[in-house]
Structures are given as C-alpha cells and as structure tokens.
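# Architecture and fold: a report
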Amino acid sequence: MSGQTVVGYDRNPDYDTLINTDLQAQMDNVNPTAYVRVPFTVASTAGLSGLFLRMKFDDGFIVYLNGTVVASENAPASPAGDSASTGDHNDAAAVIFDEYDLSSSVGLLRNGQNVLAIHGLNTGLTSSDFLVLPELDAYAGGTLDRNTKLYFERSSPGLGNLPGYPGIAGKPAFS
C-alpha cells in the first residue's frame, strides 16, 4: 500500500494527530511488523560530511539506507517478516525524537534517487499502538566564518555544526 509518513495506528487517541497512513487493519492482531520505504532525492553528495536520523517510534525498528543497516532499536538478532520488537518504547518517549548520528554512513548516499527503508517492529500482535516517523538530515561542513554569529537549533558536540540562523541578540545592558 502507498501513503505518506508518518505510519502507524493507535486504538487510543495518543498518536492520531501524527499518523498519516493508518496500518491498524494490516497490523492490529495480524502482524507485529511493518515495512516502510521512503524514496528521496539527493541533488549532489559532494561535500556532505554529516548525516543524522531522527526517529519517533513505538516500539522498535531497523533502518536501512540504500540497503545497508544504519540504525536499530529493540530489534531481534535475526529479523523476519513477522518479528516483534525485543523491548517496549513507552508512549511518552515514542512521541519525542531520538537522534542517531549516521555520519559514518554518509558515503551510502547517492546522487539522485535513494531509499530509506524501515522495518518497524511492534511488541506483539495485540499491541494497542504502533508508530514510525523518520527524518533524515544531511549537511556539508563548509567553511567557518568566525565573524558571523549564528544560532544553532541542535548542538553537535564533536562534529561540524549544522546550518545556523543569523540574528543573535547583542549583549544585555544592565542598569
């Protein structure tokens, strides 16, 4: 079936505002696994030095970038088409992005068409909900201009900074 990300289902209203493609008929009491393929295009890989995956999920996943495993949570050692997650990712945590540094996998990106494939894993057939919401960000390190002050939405300790935004406030004046 085709649809838009975010995929999942919820017997309760917790994830309803997030879900674009409802999988309840395909998963609830049927199968704890869902396969999601997200095609995307990269104009040019030249100069790319960083890659980050952000995931909201319930309960586990395995992520493949162009066919290579790059991240996983609560995944079985030998996943199959009816695999369940090996742990629970509670509902409160599931709606907060977990971030994975995939910079060592930036070389897997291709100019043109690419595929982010996700093997979504639920705790079992009777789980009341399921959620997979991926975001993939790639960036080029570029050059450092020490005369321009920028605000960075996310910190990147030990790595090059992600694109920043101008408009830092001046020093406060105290009276």
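Above this text you will find the structure in question.
Quantities reported herein were computed from a predicted structural model and do not represent experimental measurements. (Residues numbered from 1 in each chain as written. Predicted model: local features only at pLDDT ≥ 70, side-chain atom pairs only at ≥ 80, totals over all residues. Heavy atoms only, no water.)

## Considering unusual backbone geometry
Cis geometry is found at the peptide bond from threonine 5 to valine 6, where omega equals 25°. Cis geometry is found at the peptide bond from aspartate 58 to aspartate 59, where omega equals 20°. Topologically, aspartate 59 is positioned in the loop between strand S4 (48-58) and strand S5 (60-65). A positive phi angle is found at asparagine 66, which is not glycine, with a value near 50°. Note on placement: asparagine 66 falls in the loop between S5 and strand S6 (68-73). Positive phi values are uncommon outside glycine, yet asparagine 74 reaches one of about 50°. By the element assignment, asparagine 74 lies in the loop between S6 and helix H2 (91-94). Taking the relative accessible area as the measure of exposure, asparagine 74 reaches 22% and is therefore partly exposed. (Helix = DSSP H or I, 4+ residues; strand = E, 2+ residues; numbered from the N terminus. Buried < 20%, exposed > 50% of the residue type's maximum accessible area, 1.4 Å probe, protein only.)

## Regarding the sheet that holds strand S2 (residues 21-22)
In space, the five strands of this open sheet follow the order S2-S1-S9-S4-S7, with mixed pairing throughout. Because the sheet does not close on itself, it has two edges, and the strands there are S2 and strand S7 (98-101). (Pairing = 2+ DSSP bridges.)

## Some words on the environment of aspartate 88
Take aspartate 88: it is sitting in the loop between S6 and H2. Aspartate 88 sits 29 residues away from aspartate 59 along the chain, and the two C-alpha atoms are 5.3 Å apart. In this structure, aspartate 88 is in contact with Asp58, Asp59, Asn74 and Thr123, ignoring residues within four places of it in sequence. (Contact = heavy atoms within 4.5 Å.)

The quantities given are spatial measurements derived from coordinates; they are silent on function.
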